[in-house]
Amino acid sequence: MSWSFPKLIPRSAPIILLVLTLAAATGFAAVSHLVARYNANQQSRGRKLYQQGLADASANHYNDAIDAFRAALTCDPTNSQYQLSLARALRDSNDPRRLDEAKSYLITLWQRAPQDAAVNLALARVDAHRGSIEDATRYYHNAMYGVWNSNPDSNRSKARIELIQFLLKQGAPDKAAPELLALATALPPTPAAHLQAAQLFSQAQDHAGELAQYEEALRLDPANSAALAGAGQAAYRSGDYFAAHRYLLSAVNANPQDADSRQLLATTDLILRNDPFLSHVSDAERNRRITTAFTQAEKRLSECAQQTGVDLKAAATPTASALFALQSLWTEAKPDLTRLRSPAETDLPDAIMDVVFQIEQQTAATCGQPQGLDLALLMISQKREAASQ
Amino acid sequence: MSEPASSGAVRFQAPRRLFSTLEGVFNEELFFLILSVFIGIFSGLAVVCFRLAIDWMHLALLGPLPQTHGWRMFAVPSLAGLVVAALVLNVFPAIRGSGVNQTKAALYIYNGFIPFRTAIGKFICAAIAIGSGQSLGPEDPSLQIGAGIASALGRQLEISREKLRLMAPVGAAAGLAAAFNAPISAVLFVIEEVIGRWSAGILGSVVLSAVSSVVIVRWFLGSEPLFRIPVTTFKRPTELLAYAVLGIVGGVASVVFAKSIGYLRPRLKALPRWTQYFQPALAGLLIGLIAFLGAPQIMGAGYDSMDQAMHGQYAWKVLAILAVLKILATTVSFVSGAPGGMFAPTLFVGAMLGGAVGDIERIFFPQLTGSTGTYVLVGMDVLFAGFLRVPMTSVFMVLEVSGNYEIIVPVIVANTFSYLISRSLQTVPIFDMLTRQDGLILPSLEEDREEAILRVEDAMLPAPATILNAQDYVDANARRVQDSTDPNFLVRMHPSGWNIISRDQLQRLFREGKGEHTLGSVLPPQPLPSLYPDLPLDSALRYVNDYSLVPVVNRANSRKLEGVISRDSVFKRYESPRTPVGV
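Residues numbered from 1 in each chain as written. Chains lettered and ligands numbered in written order. Predicted model: local features only at pLDDT ≥ 70, side-chain atom pairs only at ≥ 80, totals over all residues.

*Asks:* Can you tell me about the overall build of chain B, naming the residues and giving the values?
*Replies:* Looking only at helices and strands, chain B features 26 helices and five strands. Considering only residue pairs separated by 6 or more positions, chain B has 79% of its internal contacts joining residues 24 or more positions apart. (Helix = DSSP H or I, 4+ residues; strand = E, 2+ residues; numbered from the N terminus. Contact = placed C-beta atoms within 7 Å.)

Below you can see the structure in the form of structure tokens.
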């Protein structure tokens with residue numbers, strides 16, 4: 001069988017080039033048509049597989065979703081949506097080996113559109129899965145300042161909240177602090193947003209910021225019981241017991257079922273009624289409070305010794321030396337109570353209360369968190385300590 | 001009545017003038033360069049269609065998902081193997097195997113002639129074979145399709161035999177560049193493997209055709225690389241030891257791979273003709289069974305699996321098993337006579353081996369910073385260097401495909417080990433071995449590298465004691481040669497150049513009363529050619545017949561004579577190429 005061509009092209013360079021150009025153009029058109037048909041078929045098949053993958057992913061069947069997204073990508077290899085979904089499925093499959101591949105897809109997308117906030121957020125989440133604070137923070141920031149296709153303000157705020165949660169989880173409250181401040185300035189005017197921000201401030205141990213957010217929520221919705229309870233707790237944690245009492249009382253009135261607030265209110269009440277250092281307390285009342293606290297401290301010490309099986313009347317042993325020392329302190333300080341009324345003994349209240357605070361703190365460490373008046377005294381000691389620092 | 005006729009004549013004169021002007025512009029060199037661009041375009045279009053055909057065939061035969069399940073896995077490759085064998089044996093007999101060595105044979109033996117039927121047959125049969133899951137790749141067939149198109153076009157245009165011979169590598173570069181989406185690697189591969197020697201004369205055309213075909217492929221199929229390149233890292237020089245180990249393992253694997261093919265291919269070809277109808281089917285059945293039993297990744301070219309290996313989707317044991325199974329699958333596919341290439345399988349084996357070695361090394365040395373993807377990428381090149389024995393191409397391929405220069409040092413180190421081990425354990429490179437099994441001996445760049453080149457300095461005689469000066473008078477020069485026994489004397493011309501005069505000529509000039517003339521004024525104006533010591537000795541051959549002495553001068557100072565070359569000294573040097581003339 002011979003496959004020789006008839007000589008179709010005359011041997012003249014310009015004509016040859018003209019004919020070749022026409023042939024190339026014809027070939028180009030034919031291949032364009034072929035590729036367009038092929039791409040249309042592939043895209044249709046890819047869409048079906050993609051939908052299947054989305055269904056699998058929403059049912060948490062990530063392995064099936066990954067297979068479906070991969071197949072969709074073989075049909076339409078440059079489809080950003082498929083790549084993004086595959087990367088998300090790889091990330092969410094809880095297989096650390098797949099994080100590299102997820103990141104690779106996302107980096108490809110990022111190189112194509114570095115301003116795409118969704119891609120940056122997905123990259124941030126991959127790095128968050130890996131615990132890489134620096135990279136995750138960078139991509140979270142890119143997501144915050146990137147381009148969102150819809151609800152940009154809400155999405156930016158969500159991205160920042162996610163970053164803060166990530167940083168707090170990683171034990172980096174110092175890095176979370178500036179993000180919290182930025183979040184507070186850009187929150188939408190809704191109680192829910194401020195409540196969420198308050199919780200983040202709480203996780204970051206910034207109780208002043210937390211209280212400010214609850215107060216902002218209460219400004220928008222004065223009867224919001226969650227905000228009242230939260231404000232009370234925040235004020236309590238920050239040592240502002242008057243504000244705590246006010247908010248907790250309102251919270252209990254607004255929601256009588258709120259047992260936590262009720263208990264905290266009781267403690268706050270005890271603090272306010274037994275703190276000898278409050279400015280409005282008279283000398284007589286102060287002396288009474290000191291005496292009560294001193295008596296209560298001895299009781300707490302005895303209970304703790306009993307709880308730990310230490311006989312304070314027996315000889316001291318090395319393991320129980322702390323409790324014996326406290327017992328000695330208390331015994332030494334007891335005669336001072338009678339001199340409290342003397343105007344010359346200005347340092348005596350502090351000295352006696354130091355003994356009380358040492359007993360409450362040590363017994364809390366040895367025997368666990370106290371209740372009632374002991375808890376109130378412990379809180380007073382912590383506030384006093386914080387004030388002196 | 002004459003007015004319209006006159007204006008019509010004027011109207012046709014302008015295009016004719018343009019036409020004749022254009023005719024004059026195109027000499028053969030320029031025309032060949034432009035033709036290279038068209039070869040690239042046509043090859044690019046053909047490769048786009050070829051890739052679509054493979055995908056279509058895969059979809060039609062094996063189904064839409066990347067990993068097919070059930071009976072299709074072994075039924076399809078077997079049945080498709082029967083069809084391919086029937087076509088190869090009865091319709092397209094010249095399309096067996098890769099196509100690289102056939103293209104090289106076309107260049108050196110058949111004056112660039114590749115039947116167009118071969119290109120068509122390769123297109124159809126390779127699409128069926130690869131699409132049905134035979135463990136072969138589309139790159140080498142693309143190379144042959146490109147070469148076939150170029151050869152057919154050259155014959156159609158009746159270009160000179162010299163140029164027609166060069167059409168095959170030009171088309172081959174276009175086909176390979178389109179298949180790999182990597183023009184530099186394609187150009188280097190064609191130079192290293194198809195042309196087999198560095199030739200500046202064809203480089204321009206090869207580059208033009210490769211670039212234009214890549215432009216076409218990217219236009220239609222996008223510029224995405226064959227696989228997503230992972231983040232690659234190379235931090236500490238001590239880690240080069242780990243890559244050297246990969247090079248050693250890759251070199252040994254290359255030898256095993258090449259020797260398996262070299263051993264089985266002639267034996268299967270020697271079996272009765274009727275068995276050849278079933279060889280691709282049996283190969284397909286074996287591959288299908290391997291896939292059915294849990295390793296579907298070995299079917300076809302395997303780029304998806306390479307991509308996943310690159311991103312750490314397989315444990316080292318899986319990677320090692322896949323490497324071994326792929327060597328087995330590709331060997332049986334290739335030696336069965338199914339048309340298809342070895343580039344993609346080579347990359348696959350290298351990728352899996354690289355990943356496995358890297359993971360094992362990291363188990364023992366957790367401080368190694370290279371990711372699995374880095375080892376996979378280096379592994380690909382290691383096999384390319386060791387198995388295909390194209391060290392330059394392999395290094396540039398990783399740069400072109402990954403766009404990352406960070407791993408160039410690990411690649412060079414690993415490739416060097418792989419290449420040296422492969423060369424020491426397998427003297428003949430795979431493509432040369434295949435060509436020799438077919439009864440052909442073709443030139444090879446590797447052989448050229450080994451061959452000692454004789455240079456002018458090897459045949460050079462010491463500079464003669466008497467050298468005449470063109471600015472001196474004839475009688476003074478005649479007095480200078482009186483005591484010499486030499487029949488001929490070199491003359492140093494002014495301000496530069498050399499000439500030669502015999503004793504008889506000098507004496508005749510003296511007798512003719514030209515003693516008062518300067519020697520330069522009476523010598524013929526045509527200067528004597530000179531040579532440089534580092535030139536190949538072949539270049540002296542064109543002068544030694546016409547001139548009894550040819551000066552060998554210093555490149556920095558052409559008036560400084562390093563020595564002379566004569567016909568006797570050159571021939572003596574060729575007669576005993578291992579002994580310098582002066583010794």
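*Asks:* Give me the lowdown on the overall build of chain A, citing residues and values where you can.
*Replies:* When you go through chain A residue by residue, the secondary structure sums to 17 helices and zero strands. Within chain A, buried positions represent 38% of all 389 residues. Within chain A, counting contacts between residues at least 6 apart in sequence, those at least 24 apart form 49% of the total. (Buried ≥ 20, exposed ≤ 12 C-beta atoms within 10 Å, placed from the backbone.)

*Asks:* Account for the sheet that holds strand S3 (residues 498–502) of chain B, with residues named and values stated.
*Replies:* Residues and elements named next belong to chain B. Read from one edge of the open sheet, three strands run S1-S2-S3, paired in mixed fashion. Looking at which strands have only one partner, the edges of the open sheet turn out to be strand S1 (467–469) and S3. Across the sheet, the mean angle separating the axes of adjacent strands is 40 degrees when strand polarity is ignored. Sheet topology places strand S2 (residues 488–492) next to S3; five bridges connect them, and they run antiparallel. Counterpart to phenylalanine 489 in the pairing with S3 is isoleucine 501. (Pairing = 2+ DSSP bridges. Axes fitted to C-alpha atoms, helices over the stretch in contact; angles between N-to-C directions.)

*Asks:* A description of the packing of helix H3 (residues 80–92) of chain A against helix H4 (residues 97–112) of chain A should follow, citing residues and the corresponding values.
*Replies:* The relative placement of two packed helices comes down to the angle between their axes together with the axis-to-axis distance. Residue and element names in this part refer to chain A. Interaxial distance between H3 and H4 falls to 8 Å at its minimum, and their mutual angle equals 155 degrees. Classed by the angle they form, the pair H3 and H4 counts as roughly antiparallel. Crossing hand, H3 versus H4: left-handed. Along its contact with H3, which presents Ser80, Gln83, Leu84, Leu86, Ala87, Leu90 and Arg91, the element H4 presents Arg98, Leu99, Glu101, Ala102, Tyr105, Leu106, Thr108 and Leu109. Partitioning the contact of H3 with H4 into residue classes produces nine nonpolar, three polar and three charged. (Parallel < 35°, antiparallel > 145°, perpendicular 65-115°, else oblique. Left-handed = near helix turned anticlockwise from the far one by under 90°. Nonpolar A, V, L, I, M, F, W, Y, C, P; charged D, E, K, R; others polar.)

*Asks:* Just give me the short version of the nonpolar core, but keep the residues and values in it.
*Replies:* All names here are of chain B. Counting residues in each nonpolar core, the largest one holds 156 residues, and the members touching the most others are Ala127, Ala173, Leu176, Ala177, Ala186, Val190 and Met352. Of the residues forming this core, the biggest block, 17 residues, is contributed by helix H2 (residues 28–62). Residue contributions to this core reach at least three from each of two domains, namely domain 1 (27–221) and domain 2 (237–441). When neighbours within four sequence positions are excluded, valine 190 is seen to be in contact with Pro169, Ala172, Ala173, Leu176, Ile195 and Val206. (Core = buried A, V, L, I, M, F, W, Y, C linked by C-beta atoms within 7 Å. Domains from an automatic or database assignment.)

*Asks:* Describe unusual backbone geometry, and please don't skip the residues or the numbers.
*Replies:* Residues and elements named next belong to chain B. Of the consecutive residues histidine 494 and proline 495, the connecting peptide bond is found in the cis state with omega at 0 degrees. Unlike most non-glycine residues, arginine 389 shows phi in positive territory, near 60 degrees. Here arginine 389 shows up in the loop between helix H16 (372–388) and helix H17 (391–402).

*Asks:* Mind laying out the confidence of the model for chain A, listing which residues take part and the relevant values?
*Replies:* One rule of thumb: low pLDDT means the predicted coordinates there are not for detailed reading. In the predicted model, chain A carries a mean pLDDT of 85, and the fraction of residues at 70 or more is 95%. Every residue in residues 1–5 of chain A scores below 50 in pLDDT, and together they form five contacts with partners more than four places removed in sequence or on other chains. (pLDDT = per-residue confidence, 0-100.)

*Asks:* Give a description of H16 of chain B that names residues and reports values.
*Replies:* All names here are of chain B. If you check H16, its first and last C-alpha atoms are 24 Å apart, about what 17 residues at 1.5 Å a residue would give, namely 24 Å. Burial runs high along H16: 17 of the 17 residues are buried. Downstream of H16 by one or two residues, arginine 389 has phi in the positive range, about 60 degrees. (Expected span 1.5 Å × (residues − 1).)

*Asks:* An account of the environment of valine 252 of chain B is requested, with residue identities and associated values reported.
*Replies:* Within the secondary structure, valine 252 of chain B sits in helix H10 (residues 240–269). For the pair valine 252 of chain B and tyrosine 419 of chain B, spaced 167 residues apart in the sequence, the C-alpha separation amounts to 9.7 Å.

*Asks:* Can you lay out the environment of glutamine 134 of chain B for me, pointing to particular residues and giving the numbers?
*Replies:* Residue and element names in this part refer to chain B. Assignment of secondary structure puts glutamine 134 in the loop between helix H5 (116–131) and helix H6 (139–156). On the neighbour-count criterion, glutamine 134 (32 C-beta atoms within 10 Å) is buried. The spacing of glutamine 134 and glycine 81 is 53 residues in sequence and 8.3 Å in space, taken between C-alpha atoms. Once residues within four sequence positions are removed from consideration, glutamine 134 is found in contact with Pro77, Ala129, Ala283, Gly284, Ile287, Ser333, Ala338 and Gly340.

*Asks:* Give me helix H16 (residues 348–367) of chain A: which residues, what numbers.
*Replies:* All names here are of chain A. Between its terminal C-alpha atoms H16 stretches 28 Å, which fits the 28 Å expected from 20 residues at 1.5 Å a residue. Of all the residues in H16, the buried ones are Ile352, Met353, Val355, Val356, Phe357, Ile359, Glu360 and Thr363. Looking at the packing, one finds that the buried side of H16 touches helix H14 (283–307), helix H15 (321–333) and helix H17 (372–388).

*Asks:* Tell me what's going on with the packing of H14 of chain A against H15 of chain A, and back it up with residues and numbers.
*Replies:* All names here are of chain A. Viewed as axis vectors pointing N to C, H14 and H15 meet at an angle of 155 degrees, and their least axial separation amounts to 11 Å. Relative to H15, the element H14 is oriented roughly antiparallel. Regarding H14 and H15, the two cross each other, and that crossing is left-handed. Side by side, H14 and H15 meet where Ala297, Glu298, Leu301, Cys304 and Ala305 of the first sit next to Leu323, Leu326, Gln327 and Trp330 of the second.

*Asks:* Account for the confidence of the model for chain B, with residues named and values stated.
*Replies:* Residues and elements named next belong to chain B. Taken residue by residue, chain B gives an average pLDDT of 86. The fraction at 70 or more is 91%. When the criterion is pLDDT under 50, residues 1–9 qualifies, and its contacts beyond four places in sequence or with other chains add up to zero contacts. The complex model carries a pTM of 0.69, and its ipTM stands at 0.74.

*Asks:* Any details on the pairing of S2 of chain B? Residues and values, ideally.
*Replies:* Residues and elements named next belong to chain B. With four of five residues buried, S2 is to be regarded as a mostly interior element. Relative to S2, S1 is paired through three bridges, and the arrangement is parallel. By the bridge assignment, asparagine 469 is partnered in S2 with arginine 492. You can see the chain leave S1, run along helix H22 (residues 474–480) and come back into S2, and the turn it takes is right-handed. Once S2 ends, the chain turns through five residues before running back antiparallel as S3, passing glycine 497 with a positive phi of about 95 degrees. (Right-handed = clockwise from strand over helix to strand, strands pointing away.)

*Asks:* I'd like a description of the environment of serine 78 of chain B, backed by residues and values.
*Replies:* Residue and element names in this part refer to chain B. Residue placement: serine 78 occurs in helix H3 (residues 72–90). You can call serine 78 buried: it has 22 C-beta atoms within 10 Å. For the pair serine 78 and glutamine 279, spaced 201 residues apart in the sequence, the C-alpha separation amounts to 9.4 Å. In this structure serine 78 touches Ala281, Gly284, Leu285 and Gly288, once residues within four positions along its chain are discounted.

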